[in-house]
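Each chain is listed here by its residues.
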Amino acid sequence: QVQLVESGGGLVQAGGSLRLSCAASGGTFSNYRMGWFRQAPGKARDIVAAIRSGATTYYGDSVKGRFTISRDNAKNTVYLQMLSLKPEDTAVYYCVAGVPLSGSLYSTGSYQYWGQGTQVTVSS
């Protein structure tokens, strides 16, 4: 069983930056695909970014060029660096972990483990 704990959320002005962290415990971290989803009020959970065990990265269209996902296997931690934040980035951000070959990286169903979420609010 993998436990995921997010940190780093908060309130920031438009144009600002935040870095989210997700500490994982249980399982073999380096084997898992990791990712971030987000959910705004009244909307579905959407992929933000994902990173395979081999460090290949993928991004949702709305964050390409602004967000960067990375992982530190020695620290069992995945990060999401967010730059040039916009009010539409406001959402609860969830860290996720999935076993390899679980399906599309963009699908919520491909991830077996979810963190509790951290709120990111971007003011205009």
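Residues numbered from 1 in each chain as written. Predicted model: local features only at pLDDT ≥ 70, side-chain atom pairs only at ≥ 80, totals over all residues. Heavy atoms only, no water.

S.K.: What's the story with the sheet that holds strand β1 (residues 3-7) in this structure? I'm lost.
M.R.: Whether parallel or antiparallel, the strands of a sheet pair through hydrogen bonds between backbone atoms. In space, the four strands of this open sheet follow the order β1-β3-β8-β7, with antiparallel pairing throughout. Two strands bound the open sheet, and with one partner strand each, they are β1 and β7 (67-72). Strand-to-strand twist in this sheet, taken as the mean axis angle between neighbours without regard to direction, amounts to 15 degrees. As judged from the six bridges shared by β7 and strand β8 (residues 77-82), these two strands associate in the antiparallel manner. Of the residues in β8, the one forming a bridge with R71 is V78. (Pairing = 2+ DSSP bridges. Helix = DSSP H or I, 4+ residues; strand = E, 2+ residues; numbered from the N terminus. Axes fitted to C-alpha atoms, helices over the stretch in contact; angles between N-to-C directions.)

S.K.: In this structure, what is going on with the nonpolar core? I would like to understand it.
M.R.: Taken as a class, soluble globular proteins show a tendency for nonpolar side chains to be buried jointly. If you look at the biggest cluster of nonpolar residues, it comprises 30 residues, and the most contacted ones within it are L4, M34, W36, V78, L80, M82 and Y93. Counting residues per element, the ones that place at least two in this core are β3 (18-25), β4 (33-39), β5 (46-51), β7, β8, β9 (91-98) and β11 (118-123). Beyond its immediate stretch of four places on either side in the chain, V78 contacts L20, S21, C22, F29, M34, W36, I51, I69, S70, R71 and C95. Counting six residues, the second-largest nonpolar core is a separate cluster that includes F37, I47, A50 and L105. (Core = buried A, V, L, I, M, F, W, Y, C linked by side-chain atoms within 4.5 Å. Buried < 20%, exposed > 50% of the residue type's maximum accessible area, 1.4 Å probe, protein only. Contact = heavy atoms within 4.5 Å.)

S.K.: Is there a simple way to explain the pairing of β8 in this structure?
M.R.: Side-chain direction in a regular strand flips from residue to residue, so the side chains alternate between the two faces of the sheet. For β8, the tally of buried residues reaches five of six residues, placing the bulk of the element in the interior. In the sheet, β3 pairs with β8 via six bridges, with the strands oriented antiparallel. Counterpart to S21 in the pairing with β8 is Y79. Taken together, β7 and the strand that follows it, β8, pair antiparallel across an intervening segment of four residues, in which N76 is found at a positive phi of about 55 degrees.

S.K.: Help me understand the layout of surface pockets in this model?
M.R.: If a probe as big as a water molecule is rolled over the atoms, it shows which places are left empty. Here the largest pocket is characterised by a volume of approximately 190 Å³. Elements with a minimum of two residues in the lining of the largest pocket: β4 and β5. Classifying every residue of the lining of the largest pocket gives four nonpolar, four polar and five charged. (1 Å grid on protein atoms, 1.4 Å probe; cavity = no way out; pocket = protein on both sides within 12 Å on 5 of 7 lines; lining within 4 Å. Points joined across faces, edges and corners; volume = space filled by probe spheres on them. Nonpolar A, V, L, I, M, F, W, Y, C, P; charged D, E, K, R; others polar.)

S.K.: Just checking my understanding: could you explain the pattern of salt bridges for this structure?
M.R.: A side chain with one charge can pair with a side chain of the opposite charge if their charged atoms come near. Counting across every chain of the model gives three salt bridges. Of the charged contacts in the structure, one is a salt bridge between R38 and D89, with a shortest N-O distance of 2.9 Å. Highlighted residues: R38 in strand β4 and D89 in the loop between β8 and β9, separated in sequence by 51 residues. Since its relative accessible area comes to 12%, R38 is described here as buried. Linking D61 and K64 is a salt bridge whose minimum nitrogen-to-oxygen distance equals 3.2 Å. Accessibility assignment for this pair places D61 and K64 in one class, exposed. Residues joined in a network through salt bridges with shared partners are R38, R66 and D89. (Salt bridge = Lys/Arg side-chain N within 4 Å of Asp/Glu carboxyl O.)

S.K.: Is there a simple way to explain the environment of L4 in this structure?
M.R.: Checked against the element boundaries, L4 lands in strand β1. Sequence-wise, L4 and G117 are 113 residues apart; in three dimensions their C-alpha atoms are separated by 9.3 Å. Once you skip the residues sitting within four places of it in the chain, L4 turns out to touch C22, A23, A24, M34, C95, V96, A97, Y113, W114, G115 and Q116.

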